[in-house]
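Geometric and topological summary
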Amino acid sequence: MPHRLDVLVCSGAACVSNHTADVRDALQSAIEAHGLSTEVRLVETGCMGPCELGPILLVYPEGALYIRVTPDDANEIVEEHFLKGRPVQRLLWEDPAARRIAEEKKQVAFFERQEKVVLSNCGTIDPEDLQEYIATGGYEALGLALTERQPEELIQIVLDSKLRGRGGAGFPTGLKWQLAARAEGDEKYIVCNGDEGDPGAFMDRALLEGDPHAVIEGMTIAAYAIGAAKGFIYVRAEYPLAIRRLEIAIDQARASGLLGEDILETGFAFDVEIRIGAGAFVCGEETALIASIEGQRGMPRTRPPYPSDRGVFGQPTLINNVETWGNIRHIVLRGADWFRSIGTESSPGTKVFALSGKITNTGIVEVPMGTTLRELIDEIGGGIPDGKALKAVQTGGPSGGCIPAQHIDTPIDYESLKELGAFMGSGGVIVLDEDDCMVGIAKYFLEFSCDESCGKCVPCRVGTRTMLSILERITDGRGTLGDLEQLQMLADTIRSTSLCGLGQAAPSPVLSTMKHFREEYEEHVQTATCSAKRCKALIRYEIDRAACKACDLCRKACPVEAIEGTPGEPPYTIHESVCIQCGRCFDVCPFDAVRIESGKKKQNEVEG
Amino acid sequence: MVDEKLNRLNRILKDYSDAPGPLVQVLHRAQEVYGYLPADVQLRIADRLEIPRSTVHGVVSFYSFFRTEPRGEHMISICTGTACHVKGAERIVDMIQEALGILPGETSEDGRFTLQDVRCIGACGLAPVMMIDEDVYGKLDRKKVEATLDLYRNA
């Protein structure tokens, strides 16, 4: 008998971190206590998207969306909503744009403006249940491919769809397939690149955790198209939940004849194995990833030969990113024309983005290519919190760049972003507001690239280190204008002479911020100030004489006895030459009397 | 007890004896058994897989996930991903360093805590975030950091 209510409990990584399991258990007991076990079904799903608001519940058939649910709310939800049919208003998502409480998921701009293709199952089915995947049309594309399509036809469909690699560079996927199909080898391999290493990117994680069968189905279709019998899914060790759900999915697919010796009784054989990464960003680069699959140090090598000729164990290998694989079944089933009708001429389809940073609705979203940054940030993302102004949008992680606020109407596609000195990347979108220092952001990414450089080639190993030391000098207020020229020169050299994509793209965050925010670099260099008040060496802490109530909290909190004053006798003062800018006084002051000012602190104040 | 671990390691090595390119996966499993990868474990793996010892050590030292030192009772991982960075992760690192007197990569003298900074753990909505063992603590500020550390200190 079908259930009267389906309660979807988001079990994406962020909601799991927010103790969604406790909410689920509390709901389960409340449902049992009210004798509703046969009427209400709890389903744990993948990520629904608005991670900031977790734990999230979605109740069907009405589509009521509950946010920030705690175990204490369980009884009320069951009694009021499940028994009496009255959704608990105080827990529904109040959409600030609509100024109303959304009783239906569809009414929320966050969902309304999205177009979910790749993520269509994420947050709506139980990723650990193969039957649910099949019920939504899962493995239909594989069936069609194996029984009614020739391998060449499948390659042609992918070519015609103009799908481009979602890992970042945007290489035509169909072309990759064609090259791998034509290459000669004893054995061919299919690889799923799930080494999502960009800080601020968690799209692949959402798909692997929320709909693992979609990735397996895409890989199996490709295996048939190019004639491969074996596949590897390479996943970061940092994603244990994704690994577990993939393991379950692979076992289920094998047990149901969807992987293994005789798939769907067609005689076609293909199987996949999970390979777990071990914490090296460079392994996202395809030749490094291949080395890592082979059990070696994950160091890139020169191309050609490309993996399509010589990849895993020296054999022709087809590598696509997680999201790319997630697109395949839809293209096979609905056709290339349908796919091209979404998005833009040169970048068809949708793209999944991970929104984070200074944005109201952090989380995972999917929109057609060509959507503008403004729509993404203001309409879906709910804008910048605390009334702050948007300063820039960072895309593409350490290989990408910063797009300044004045270009917010840029449509998102591979070419437009590149023109601005940014990069599509895998889909991490980090929103920066007026309080962020662009020099500091560039330094942050360069620290990352420098740390993750594998050390094989000199431009990357030595060059990024040299660039970083210049940036450190600048953020310390010891830079010169000559340093800016030096940075530019080093960046150009590293870009043109590094061996792999990591090195070639490592200077991008510096180049794009120097291009769009040169005045901030000049400010740091010429006046030794940081107007965003972020660079530690370029700020001072001061006590506002009028606001200070002499409560003594700051003096007690100061670890270096830099603060002087007598309780009850305001104002207190900070001795700048002693202060180490740790910010403790700022944190503890209940009257906001401690202020951060721009400019280097005075030296020798005590001695003088 | 040591022998029990050795038995488990031998079983792992047997499981992977025919697998192509097994080293990284074997090291993962071995680290699960021992908590880290001491030299004698690396040597045994090298000998059994017939891979040069230098190669094994090269792989261990290449990947940040593999440890060659034992870890403390609790692992504190501070996320330094971009979202956490723009929301002040650097200061969280400072606070914890100061509270425990150890730098990232170090273990406190009493063996209670190991501190590490990690790349994005994908909980960007809760930034700034840290993980203690498997539990995530988000939206950190000084108060929350101190309260959380106390939970583990007094446990």
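Residues numbered from 1 in each chain as written. Chains lettered and ligands numbered in written order. Predicted model: local features only at pLDDT ≥ 70, side-chain atom pairs only at ≥ 80, totals over all residues. Heavy atoms only, no water.

Quick word on the overall build of chain B
What counts is decided by this rule: Secondary structure elements are taken from DSSP: a helix is a run of H or I of four residues or more, a strand is a run of E of two residues or more, and numbering for both begins at the N terminus. The rule is simple: take the accessible area with a 1.4 Å probe, protein chains only, and divide by the maximum for that residue type; under 20% is buried, over 50% is exposed, in between is partly exposed. What makes two residues a contact is simply this: any of their non-hydrogen atoms within 4.5 Å. We get accessible surface area from the Shrake-Rupley algorithm with a probe of 1.4 Å; when it comes to residues, only the shown protein chains can shield them. Note on charges: Lys and Arg go in the positive column, Asp and Glu in the negative column, and His and the chain ends are not counted at all. Positions of charges follow a simple convention, taking NZ of Lys, CZ of Arg, CG of Asp or CD of Glu.
Assigned secondary structure in chain B consists of seven helices and four strands. In chain B, the order of α-helices and β-strands from amino to carboxyl end is α-α-α-α-β-α-α-β-β-β-α. Projected onto its principal axes, the C-alpha positions of chain B cover 50 × 30 × 20 Å. By residue count, 51% of the 155 residues in chain B fall in the buried class. Taking all contacts inside chain B whose residues are at least 6 apart in sequence as the whole, residues at least 24 apart take part in 57%. Looking at chain B as shown, the accessible area adds up to about 7,500 Å², and 49% of this sits on carbon and sulfur atoms. Distance from the positive charge centre (19 side chains) to the negative charge centre (23 side chains) of chain B: 4 Å.

Section: the sheet that holds strand S2 (residues 113-118) of chain B
Residue and element names in this part refer to chain B. Stated precisely, the cut-off is as follows: At least two DSSP bridges between two strands are needed for those strands to be called paired. Convention adopted: a line fitted to C-alpha atoms gives each axis, helices being fitted over their contacting stretch, and angles between N-to-C directions are expressed from 0 to 180 degrees.
Taking strand neighbours across the sheet as the criterion, the four strands line up as S2-S1-S3-S4 in an open arrangement whose pairing is mixed. Strands at the two margins of the open sheet, each flanked by one partner only, are S2 and strand S4 (135-137). Sheet twist, expressed as the mean angle between neighbouring strand axes with direction ignored, is 20 degrees. Sheet analysis places strand S1 (residues 74-79) next to S2, joined by six bridges and oriented parallel. When the sheet's bridge partners are listed, serine 77 is paired in S2 with glutamine 116. Of the strands in this sheet, S1, S2 and strand S3 (130-132) touch helix H6 (residues 89-100), which is tilted by about 155 degrees from S1.

Side note on the sheet that holds strand S1 (residues 5-10) of chain A
All names here are of chain A. Spatially, the four strands line up as an open sheet ordered S2-S1-S3-S4, and their pairing is mixed. Each edge of the open sheet is held by one strand with a lone partner, namely strand S2 (40-45) and strand S4 (64-66). Taking each pair of neighbouring strands and ignoring which way they run, the sheet shows an average axis angle of 20 degrees. By the bridge criterion, three bridges tie strand S3 (residues 57-60) to S4 in an arrangement that is antiparallel. Looking at S4, one finds that leucine 57 is bridged to tyrosine 66.

Some thoughts on the domain arrangement of chain A
For clarity, the cut-off: Just so you know, the domain bounds were taken from an automatic or database domain assignment.
Along its sequence, chain A is organised into domain 1 (5-108), domain 2 (130-339), domain 3 (350-433), domain 4 (438-527) and domain 5 (539-598). Centre-to-centre, using C-alpha coordinates, domain 3 of chain A lies 38 Å away from domain 5 of chain A.

Quick notes on the nonpolar core
Condition: Side-chain atoms within 4.5 Å are what join buried Ala, Val, Leu, Ile, Met, Phe, Trp, Tyr and Cys residues into a set we call a nonpolar core.
In this structure, Trp177, Ile190, Met219, Val235, Phe270 and Trp325 of chain A are the most contacted members of the largest nonpolar core, which totals 84 residues. Element by element, the count of residues in this core is highest for helix H10 (residues 212-226) of chain A, at 10 residues. The contacts of methionine 219 of chain A, once residues within four sequence positions are left out, are Ile190, Val191, Cys192, Gly231, Phe232, Ile233, Phe270, Val272 and Trp325 of chain A. Core analysis: the second largest hydrophobic core is formed by 42 residues, Cys500 and Leu502 of chain A together with Leu9 and Leu13 of chain B among them.

Focus on the pairing of strand S12 (residues 350-357) of chain A
The side chains of a regular strand alternate, residue by residue, between the two faces of the sheet. Residue and element names in this part refer to chain A. Within S12, eight of the eight residues are buried, which leaves it mostly tucked inside the rest of the structure. Pairing of S12 with strand S13 (residues 363-368) involves six bridges; the strand directions are antiparallel. Its bridge partner lying in S13, lysine 351 is registered against valine 367. Bridge count between S12 and strand S16 (residues 428-433): four bridges; the pairing is parallel. Along S16, the bridge assignment pairs alanine 354 with glycine 428.

As for the packing of helix H2 (residues 20-33) of chain A against helix H3 (residues 74-83) of chain A
Residue and element names in this part refer to chain A. Heads up, the condition is: Reported orientations rely on four angle classes, namely roughly parallel under 35 degrees, roughly antiparallel over 145, roughly perpendicular from 65 to 115, and oblique for the rest. Two helices that cross are described as forming a left-handed crossing if the nearer one is turned anticlockwise from the farther one by less than a right angle, and a right-handed crossing if clockwise. Residue polarity follows a fixed list, in which Ala, Val, Leu, Ile, Met, Phe, Trp, Tyr, Cys and Pro are nonpolar, Asp, Glu, Lys and Arg are charged, and the others, Gly among them, are polar.
Interhelical geometry of H2 versus H3 gives an angle of 45 degrees and a closest axis separation of 8 Å. Overall, the two elements H2 and H3 adopt an arrangement that is oblique. For the pair H2 and H3, the crossing hand works out as right-handed. Counted together, Ala26, Leu27, Ala30 and Ile31 of H2 and Ala74, Asn75, Val78 and Phe82 of H3 form the full contact between these two elements. Considered class by class, the residues forming the contact of H2 with H3 number seven nonpolar, one polar and no charged.

Quick word on the state of the cysteines
Residues and elements named next belong to chain A. Using the following cut-off: Defined by distance alone, a disulfide is two cysteine sulfur atoms within 2.5 Å.
Evaluated as defined, the whole model comprises zero disulfides over all chains. Free cysteine cysteine 457: the closest other cysteine sulfur is in cysteine 460, separated by 5.2 Å. Here cysteine 554 is not disulfide-linked; the sulfur of cysteine 551 is the nearest cysteine sulfur, at 6.2 Å. According to the relative accessible area criterion, cysteine 554 is buried, its value standing at 10%.

Brief notes about the pattern of salt bridges
All names here are of chain A. Applicable threshold: Every case where a carboxyl oxygen of Asp or Glu lies within 4 Å of a side-chain nitrogen of Lys or Arg is listed as a salt bridge.
As enumerated under the stated definition, the model contains 50 salt bridges over all chains in all. When the shortest N-O distance is used, the salt bridge between lysine 176 and glutamate 286 registers 3.8 Å. With a gap of 110 residues between them, lysine 176 in helix H8 (residues 173-182) and glutamate 286 in helix H12 (residues 286-293) connect regions that are remote in the sequence. Overall, lysine 176 belongs to the partly exposed group, its relative accessible area being 21%. Looking at glutamate 286, the relative accessible area reads 14%, which means it is buried. Between glutamate 286 and arginine 303 there is a salt bridge; the shortest N-O distance is 2.7 Å. Note that glutamate 286 is positioned in helix H12 and arginine 303 in the loop between H12 and strand S11 (317-321), a separation of 17 residues in sequence. Because the salt bridges share partners, they merge into one network encompassing Lys358, Asp433, Asp436 and Arg534.

Remarks on H3 of chain A
Residue and element names in this part refer to chain A. Cut-off, in case you're wondering: In this description, one arc is meant: the one made by directions from the helix axis to the C-beta atoms.
Taken residue by residue, H3 has Ala74, Ile77, Val78, His81 and Phe82 as its buried positions. When H3 is viewed along its axis, its buried side chains cluster within an angular range of 110 degrees and face the same direction. In the core, the buried residues of H3 are packed alongside S1, H2, S2, S3 and S4. In the stretch just after H3, glycine 85 is the one whose phi turns positive, near 75 degrees.

Some thoughts on the interface of chain B and chain A
We apply this condition: Take the accessible area each of two parts loses on contact, using a 1.4 Å probe, and add the two losses: that sum is the buried area. N or O atoms within 3.5 Å of each other form a polar contact, as long as, within protein, one can give a hydrogen and the other can take it, and as long as residues adjacent in sequence are counted only when both atoms are side-chain atoms.
Counting from both sides, the interface comprises 38 residues of chain B and, opposite them, 51 residues of chain A. Carbon and sulfur atoms make up 53% of the surface buried where chain B meets chain A, a total of about 3,700 Å² over both sides. At the surface where chain B touches chain A, the tally comes to six salt bridges. A salt bridge links lysine 536 of chain A to aspartate 94 of chain B; the shortest N-O distance between them is 3.3 Å. Scanning the region where chain B abuts chain A turns up 26 residue pairs in polar contact (both at pLDDT 80 or more). Of all the elements in the fold, those that place two or more residues in the side of chain B that touches chain A are helix H2 (23-34), helix H4 (53-62), helix H5 (82-86), H6 and helix H7 (142-153) of chain B. A breakdown of the residues in the side of chain B that touches chain A according to their chemical character gives 17 nonpolar, 13 polar and eight charged.

As for unusual backbone geometry
All names here are of chain A. Arginine 303 connects to proline 304 through a cis peptide bond whose omega is -10 degrees. Relative to the helices and strands, proline 304 resides in the loop between H12 and S11. The peptide bond linking proline 304 to proline 305 adopts the cis configuration, its omega dihedral lying at 0 degrees. Counting through the fold element by element, proline 305 comes out in the loop between H12 and S11. Phi at arginine 68 is positive, roughly 45 degrees, even though this residue is not glycine. Structurally, arginine 68 can be placed in the loop between S4 and H3. Here arginine 68 falls in the partly exposed class, since its relative accessible area comes to 44%. A positive phi is found at alanine 528, a non-glycine position, where the angle reads about 50 degrees. In this structure, alanine 528 sits in the loop between helix H22 (518-527) and strand S17 (539-543). Judged by its relative accessible area of 16%, alanine 528 falls in the buried class.

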